[in-house]
Amino acid sequence: MKRSLALALAVGAVAFGPLGVLLSRGLGVDWLATWTSPPTLLALRGTVVTSLGAAMLALTVGLPLAVLIGRTDLPLRRTLQAAFTLPSALPPFILGMGWVGLANPKAGLLNLLFGVGTFDIYGAGGIAFVLGCAAIPLVFLPALASLARVDGALEEAARMSGATPLRALLGVSVPLALPAALSGAALAFLFAASAFGVPYLLGVTATPPTPTLTTRIYSEVLVGSEGLARASVLSVELLALAALLLVGSRALARGVLLSQGKGGARRPVPLGAARWPLALASLSVMFVLVVLPLLAVALTSVQPVWGQFSGLTVKHWSSVLSNARTLDAATRSLVLSLGAASLVTVLGLGLASRRRGWLDTLAGAPYAVPGTVLALALLTSFARDVRFIAFDRVAFVLALGNTAWLLLLAYVVKHLAFGVRNASDGFAQVDPSLTEAARLSGASPARAFLDATLPQLRAPLGAAFVVTFLTCMTELTLSVLLIPTGRDVLGTLLFDLQSYADPGSAAVIACAFIVLVLLAQFVRRPKEA
Amino acid sequence: MATVELEQVFKQYGSTPVVKGLSLKVEAGEFLSLLGPSGCGKTTTLRMVAGLERIDRGVLRIDGRVVDGPQVNMPPERRGLGMVFQSYAVWPHRTVAQNVAYPLTLQGLGAQEIAARVQEALGWVRLQPFADRPPSQLSGGQLQRVAIARALVARPKVLLLDEPLSNLDAALREELRGEIASLRATLGTTMIFVTHDQHEALALSDRVAVMNHGVIEQIASPEQLYREPATPFVASFVGGANVLTGTVDGSTFTTHGERFELPGEGPATTIAVRPEHVRLGEGTPLRLLARLFLGSAVEYRFALGDVVLRAVGPAVEAARVGDHVRVGFSQVRRYASPAES
């Protein structure tokens, strides 16, 4: 019991300590005045409008798609599912870059085709659109999983009561999947409200500028000490919004019904004559929302002059690849991501092995904290060296401020949820008698864990490692705020190049991210089957 | 071969008592079954013997040595037992031979000796041809035989079997039941077998302990248990008897508003009548609810007040469902205490 308590305190301190420091930073500030000042209200409005738009887009595309793919005989279901899952593995910033290349009012490729000024991706609408596309998996995947769990007998009972296949689908299965979809939409809202890269890319330079809470926090941090206090007050507002959404999403998810009976194999609903038209429509949506922006990024990386069709070039590729700065950033990203993935996997395993639900929740909590807020909290906590004095004698000095170690800490704290959740699900699926059989065979508890339990956890732990590694390799928000000046990781390099007018070189790095993520998908595919 | 002794053992989960003052001695080389409905505490008792659960109060001795009790708790790996689990618990990441070899590997034996003893153990369960297969290629019955070989390979003092047959289909269950019986005859290992199936318990055991609500209601040989059930619960759980509560006046028994003539005399508040001792054609008229053809016999169900009286007899009655049929008892057991489920 004592060990549990100590562990809880340690995890709690890591998860919430920095947030506490951040709160204390804002103590001297007039909170009400800051919250009701016109710039804050404008930023809040920006966050709510763009996030609401993104959540609605994710819901209107994600739910019908889940029904079509999960419950009908639509052709090319696997391709569609893979394509619409992809955005969750990529930083939304890359989709944003793609859309800048496509729909920059003056130089976007679409505007070159259809006439200058036809499309404008800058502003609230554009932010909502890009974040909505990136958030589709948040609605699509839970809805799909929920549909797969609906007992086939429920639909069959509707059929036996006289309903047509379509009627049974719409009247029974879709309502049962709705709570999961709505819960996903709330997460999409949270995802959009926490986003930093896209609102920065599409909001700050828009006319008129569309600030959001995250971009305001960033610009306040740049101001310095005075701004830091205001930023902490804004963070509290964003944090409260996040907590509200998370509670809402949980409450909605509680409405998800698990199947009770065994149910037979479920037949997909035949679409009949509508089969191919619907497939064509789905493919078009997929092309516009997922493929087109990625193609635009690829095209940008080989265009001699941005915004002009004037042949192809490899100059961006050769300059980026031969640049010492790129190599330096890639090495640092690789080391940090491998380190973070290893730590997340090992710590996740250790925490989940305690088999305490609340400990898992506690360790997973920082994942829901918006990246900007988490980064800011760590920044303020470690701005000065932290000293621990043990036994009045030994002093530990933790001087993380302005080092890459702080970024490693941020990666681990943020993504510990991956490790804990995967390990925890793994433990839940391992038959305890496998371990007990090893004990009866003569193995000590430690030996039984190594020989009998751990081998069953290879797949979930491997998944935790890969997901954490990929997420950290392509991470942007934490990196931008926490990386010391003069050093780079790939995410900050991408951000700098895009922000300071070298979209061609930025596109090269974005292409590398896309290739990395696609490779990982192919590597992982056989394991799932 | 070793003895297992439980003395006044108590166990509770939270505030729910599961085992209440259980005392039991399993003799060396004996096959003892713990029989009872789910939740009666039989699996918990077995897991306490294994060392997978601590006992709250009382003493547990294996081979005369205290392994769990006040100030003593020997971990499972040092008790020298073997166990077969309901879910097989065959490690999916090891081949059949590697599974069976594991207990010997932990003892630090040489590779040659391990290989020889694994072959021998696989021979006991006729699985030699499958030695190098991964468990994913085996059927349920084969998996359970791997588990049995693994549990026996190190020659344990006692083999514990936790409902090992209940995940198998009927034919396999009978086959494996026979194999357990012949293994036991060859090896002579002390075995404790947990089951909720009275046929398994009666067929395999030297003695059966019938458990209910955390206590042993009766411990006896299968024959004695069947012929002389000590409590109404044992009569109904083991023999499928009708248990009726009522009042006796001379040889007349009144229950659920009907009167029956009982064979013999004696005081009773509860009687147990096995279905084959319900005689049709003479006695008290009861309404026939259902007629179930069982092959060698027919089961009849009668309405007796608000309960059902079951009878089994030859298929000669022309009685139809809904008719009233005269019913009497040819043999009953009397109990002074009221029935308790």
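Here is a short report on the structure shown in this document. (Residues numbered from 1 in each chain as written. Chains lettered and ligands numbered in written order. Predicted model: local features only at pLDDT ≥ 70, side-chain atom pairs only at ≥ 80, totals over all residues. Heavy atoms only, no water.)

A look at unusual backbone geometry
Residues apart from glycine generally show negative phi values, whereas peptide bonds are mostly found in trans. How we decide: The numbering of helices and of strands both runs from the N terminus, where a helix is a DSSP run of H or I of at least 4 residues and a strand a run of E of at least 2. Throughout, exposure labels follow a simple rule: accessible area from a 1.4 Å probe, protein chains only, divided by the maximum for the residue type, with under 20% read as buried, over 50% as exposed, and the rest as partly exposed.
Geometrically, the link from Thr207(A) to Pro208(A) is a cis peptide bond, its omega value of -10° lying close to zero. In this structure, Pro208(A) sits in the loop between α10 (197-203) and α11 (213-223). A positive phi angle, near 55°, is found at Arg355(A), a position not held by glycine. Arg355(A) sits in the partly exposed class, given a relative accessible area of 43%. We note that Tyr88(B) has phi near 70°; this positive angle belongs to a residue other than glycine. Note that Tyr88(B) resides in the loop between β7 (81-84) and α2 (96-106).

With respect to the packing of aromatic side chains
Filter applied, for reference: Stacked, edge-to-face and tilted labels apply to pairs of Phe, Tyr and Trp rings (six-membered ring for Trp) whose centres lie within 6.5 Å, assigned for plane angles under 30 degrees, over 60, and everything in between, in that order. Geometrically, a lysine NZ or arginine CZ counts as sitting over a ring once it is within 6 Å of the ring centre and also within 35 degrees of the ring normal.
Taken as a whole and assessed by the stated rule, the structure comprises 17 aromatic pairs over all chains. For the ring pair Tyr200(A) and Tyr218(A), a centre distance of 5.5 Å and an interplane angle of 90° mean the geometry is edge-to-face. Here Tyr200(A), found in helix α10, pairs with Tyr218(A), found in helix α11; they are 18 residues apart in sequence, far enough to count as distant. Put simply, the rings of Phe93(A), Phe196(A), Tyr200(A), Tyr218(A) and Phe495(A) pair up and form one aromatic cluster. A cation over an aromatic ring shows up here: Lys414(A) above the ring of Tyr367(A), its NZ or CZ 5.5 Å from the ring centre. Positioned above the aromatic ring of Trp91(B) is the side chain of Arg94(B), whose terminal nitrogen or guanidinium carbon lies 5.0 Å from the ring centre.

Notes on the interface of chain A and chain B
Note the cut-off: A contact between two residues is defined here by any heavy atoms of the two lying within 4.5 Å. Accessible surface is computed with a 1.4 Å probe, and the buried area is the amount of it that two parts give up when combined, taken over both parts together. Here, a salt bridge means any side-chain nitrogen of Lys or Arg that lies within 4 Å of a carboxyl oxygen of Asp or Glu. Any pair of nitrogen or oxygen atoms within 3.5 Å is treated as a polar contact; in protein, a donor-acceptor pairing is required on top of that, and neighbouring residues in sequence qualify only through side-chain atoms on both sides. Three classes are used, and their members are as follows: Ala, Val, Leu, Ile, Met, Phe, Trp, Tyr, Cys and Pro are nonpolar, Asp, Glu, Lys and Arg are charged, and the others, Gly among them, are polar.
With 19 residues of chain A in contact, the opposing surface of chain B contributes 21 residues. In total, about 1700 Å² of surface goes out of reach between chain A and chain B, with carbon and sulfur atoms giving 59% of it. Together, Glu436(A), Leu440(A) and Ser441(A) form the three largest contributors to the area buried by chain A at its contact with chain B, with a combined 36%. Across the pair Arg47(B) and Glu436(A) runs a salt bridge whose closest N-O atoms are separated by 2.7 Å. For the interface between chain A and chain B, the tally reads nine residue pairs in polar contact (both at pLDDT 80 or more). Of all the elements, helix α19 (residues 432-440) of chain A adds the most residues to the side of chain A that touches chain B, at seven residues. Residues that form the side of chain A that touches chain B fall into these classes: eight nonpolar, five polar and six charged.

A word on the side chain of Thr468(A)
All names here are of chain A. If you trace the backbone, threonine 468 turns up in helix α21 (residues 458-473). Within the structure, threonine 468 has its side chain in polar contact with the backbone oxygen of alanine 464 (distance 2.6 Å). In contact with threonine 468, not counting residues within four places along its chain, are Ala340, Ala341, Val344, His415 and Phe418.

Some remarks on the pattern of salt bridges
Think of it this way: side chains of opposite charge can pair up when their charged atoms draw near. Scanning the entire structure with this criterion turns up 27 salt bridges over all chains. A salt bridge links Arg325(A) to Asp488(A); its shortest N-O distance comes to 2.7 Å. Taken together, the residues span a long stretch of sequence, with Arg325(A) in helix α15 (residues 324-352) and Asp488(A) in the loop between α22 (477-482) and α23 (490-499) at a distance of 163 residues. Under the relative-accessibility criterion, Arg325(A) is labelled partly exposed at 34%. Classification of Asp488(A) by relative accessible area gives buried; the value is 7%. When salt bridges with common partners are traced through the structure, they connect Arg126(B), Arg145(B), Glu175(B) and Glu179(B) into a single cluster.

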